[in-house]
Amino acid sequence: MKALESLKWRASVRKFDNSLKVSDKDLETLLEAGNLAATSGGLQPFKIVVVSNNELKKQLVPMSYNQEQVATASHLLVFATETALGKNTVDAYVDRAAEVRGLEHSALEGYKNSMYGYMDMMDENQQQAWARNQAYISLGTVMTIAADMKIDSCAMEGFEPLKYQEALNLKSKNLMPVVILPIGYRSEEEVMADAPKVRKTTENFIVEIN
Ligand SMILES: Cc1cc2nc3c(=O)[nH]c(=O)nc-3n(C[C@H](O)[C@H](O)[C@H](O)COP(=O)(O)O)c2cc1C
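Residues numbered from 1 in each chain as written. Predicted model: local features only at pLDDT ≥ 70, side-chain atom pairs only at ≥ 80, totals over all residues. Heavy atoms only, no water.

**Student:** I would appreciate a short explanation of the packing of aromatic side chains in the present structure.
**Tutor:** Think of a pair of aromatic rings as described by two things: how far the centres are apart, and how the planes are tilted against each other in angle. Scanning the model with the defined rule gives three aromatic pairs in all. Arranged with centres 5.0 Å apart and planes meeting at 45°, the rings of Tyr93 and Tyr111 form a pair that is tilted. Taken together, the residues span a long stretch of sequence, with Tyr93 in helix H5 (residues 87-101) and Tyr111 in helix H6 (residues 109-121) at a distance of 18 residues. The aromatic ring of Trp9 is capped on one face by Lys150, whose charged end is 5.0 Å from the ring centroid. Seen from the ring of Trp9, Arg186 lies directly overhead, with NZ or CZ sitting 4.2 Å from the centre. (Phe/Tyr/Trp six-rings, centres within 6.5 Å; stacked < 30°, edge-to-face > 60°. Helix = DSSP H or I, 4+ residues; strand = E, 2+ residues; numbered from the N terminus. Lys NZ or Arg CZ within 6 Å of the ring centre and 35° of its normal.)

**Student:** Where do I start with helix H2 (residues 24-36) in this structure?
**Tutor:** With 13 residues, H2 ought to run about 18 Å at 1.5 Å a step, and its terminal C-alpha atoms sit 18 Å apart, in line with that. Of all the residues in H2, the buried ones are Leu27, Leu30, Ala33 and Gly34. Viewed end-on, H2 has its buried residues packed into an arc of 120°, placing them on one side of the element. Relative to its buried face, H2 has exposed residues pointing more than 90 degrees away, namely Asp24, Lys25, Glu28, Asn35 and Leu36. Here the buried face of H2 lies against strand E1 (46-51), strand E2 (75-82), helix H7 (124-148) and strand E4 (175-184). (Expected span 1.5 Å × (residues − 1). Buried < 20%, exposed > 50% of the residue type's maximum accessible area, 1.4 Å probe, protein only. Arc of directions from axis to C-beta. Contact = heavy atoms within 4.5 Å.)

**Student:** It is not clear to me how the packing of H5 against H6 should be interpreted in this structure. Could you clarify?
**Tutor:** Relative orientation and spacing of two packed helices are given, respectively, by the angle between their axes and the distance between those axes. Relative to each other, H5 and H6 sit at 155°, their axes nearing to 9 Å. Between H5 and H6, the interaxial angle falls into the category roughly antiparallel. Crossing angle aside, the handedness with which H5 passes H6 is right-handed. Across the interface between the two elements, Lys87, Thr89, Val90, Asp91, Tyr93 and Val94 from H5 touch Tyr111, Lys112, Met115, Tyr116, Met119 and Asp120 from H6. Split into classes, the residues belonging to the contact of H5 with H6 amount to seven nonpolar, one polar and four charged. (Axes fitted to C-alpha atoms, helices over the stretch in contact; angles between N-to-C directions. Parallel < 35°, antiparallel > 145°, perpendicular 65-115°, else oblique. Left-handed = near helix turned anticlockwise from the far one by under 90°. Nonpolar A, V, L, I, M, F, W, Y, C, P; charged D, E, K, R; others polar.)

Given below as structure tokens:
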């Protein structure tokens, strides 16, 4: 039951100890966890942008409704959807699958055509909403693995995506920030992290259909 213990330990931390840094090795593990997350069709229509520069993190605070955890965290992970989605997204996957699994492209033809159809079914807004969903699965995976490693985090939607896009020069990379995750270690002043979790009762959360 170690997994549940980690989830009970996890809490959204707003006060980080800014003297403590997540090591390069642990950061690498977290990013790999994010990359290993399941996505629809395996298409991974998003990227994780890592912000470690202290000055830059400070500049992002006013674009985050003055939420200081953006600056006091060790690193800020910005989950950003790819804005140029379409057949090219499928093609990139097919190229990579052929490379990793040593397959001929012809063996992936059926998959490719069905995913072309899937992408075609959605307009641009729907594609972005779909991509956002995939990014959130990765977000949850990173948060869970971080908790297992006793690394704190705080998922955040409270920021201005367009301002972030500009500040981080993401437009030129065809990326749109959708959710952010400061990571680091909780400060001793963080009192809320140990407060009992407010969650629905099991009866109110689980719907059993027999
Ligand atoms: C997608 C998402 C966005 C959130 N945005 C913010 C935010 O902008 N600022 C903040 O302080 N907390 C934010 N939170 C944290 C939630 O308030 C928190 O998860 C919730 O109150 C449950 O508390 P816990 O995470 O400590 O268990 C966000 C959480 C999620 C999952």
